[in-house]
Amino acid sequence: RRAMIQKWILYGLCALALVLAEGLLLVRVEFWGVHPFLLPAIAVIPVTLERDEAALLFSVFFGLVCDLLSPVTGLPCFYTLAFLLSGALAWLSGRLVAAGLVCSLAATAVSLAVCSLLHLAVLAGSQPVDASAAAMLAGKEALLSLPLTVLAHYPFHKVCLATQRD
């Protein structure tokens, strides 16, 4: 029980470090008119590595924290819903793709798509939206964010390796 608590504290500290890196550094990086978006990666990488219910709960609680710190207008539980769906898809994909960097990249791509589609739905409910422009923006964001997923995967992978039971 103590090992499990320590493991999730370490995952939480990794998430905090990556959120701080995004909030302090990556918001200053703009390419193609978009910024890197690591929150979906932070939510799903532990799910791809651990593949259990606790990891799915981690993604939901991470979504709750994101909603409390950065609410999305139009849907108060945006990140909670997006990361629950993304985490569930990552958890189910564990039957198809072996855990590792490729799985983390795939799950992050799916999570970015879920966030983009959900954001598009929220915007469409309040104003007319050009779907092609939204798709182009989502594609640019994914192209900029996915390479950084490799860097985000590394600390989570180290925690996973350090806390595995022999």
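Residues numbered from 1 in each chain as written. Predicted model: local features only at pLDDT ≥ 70, side-chain atom pairs only at ≥ 80, totals over all residues. Heavy atoms only, no water.

Draft legend 1. Broad picture of the nonpolar core. Judged by nonpolar contacts, the single largest core of 38 residues is most densely connected at Tyr-11, Leu-39, Ile-42, Phe-62, Tyr-79, Phe-83 and Phe-156. The element best represented in this core is helix 2 (residues 39–50), accounting for eight residues. The residues contacting Tyr-79, other than those within four sequence positions of it, are Phe-37, Leu-39, Gly-63, Cys-66, Asp-67, Ser-70, Val-72 and Leu-84. (Core = buried A, V, L, I, M, F, W, Y, C linked by side-chain atoms within 4.5 Å. Buried < 20%, exposed > 50% of the residue type's maximum accessible area, 1.4 Å probe, protein only. Helix = DSSP H or I, 4+ residues; strand = E, 2+ residues; numbered from the N terminus. Contact = heavy atoms within 4.5 Å.)

Draft legend 2. How the structure looks around the state of the cysteines. On inspection of all chains with the given rule, the structure shows zero disulfides. The closest cysteine sulfur to the non-disulfide-bonded Cys-77 is located on Cys-115, 13 Å from its own sulfur. Unpaired in terms of disulfides, Cys-160 finds its nearest cysteine sulfur in Cys-14, a separation of 11 Å. (Disulfide = S-S within 2.5 Å.)

Draft legend 3. Spatial organisation of a nonpolar patch on the surface. Nonpolar side chains collect at one region of the surface, where Met-4, Ile-5, Ile-9, Leu-10, Leu-13, Leu-16, Leu-20, Leu-24 and Leu-25 lie side by side and expose about 840 Å² of accessible area between them. Note that Leu-16 resides in helix 1 (residues 2–24). Judged by relative accessible area, Leu-16 falls into the partly exposed class, the value being 47%. (Patch = residues over 30% accessible without salt bridge, like charges linked within 9 Å, V, L, I, M, F, W, Y side chains within 5 Å. Areas by Shrake-Rupley, 256 points an atom, 1.4 Å probe, with all protein chains shown as cover. Salt bridge = Lys/Arg side-chain N within 4 Å of Asp/Glu carboxyl O.)

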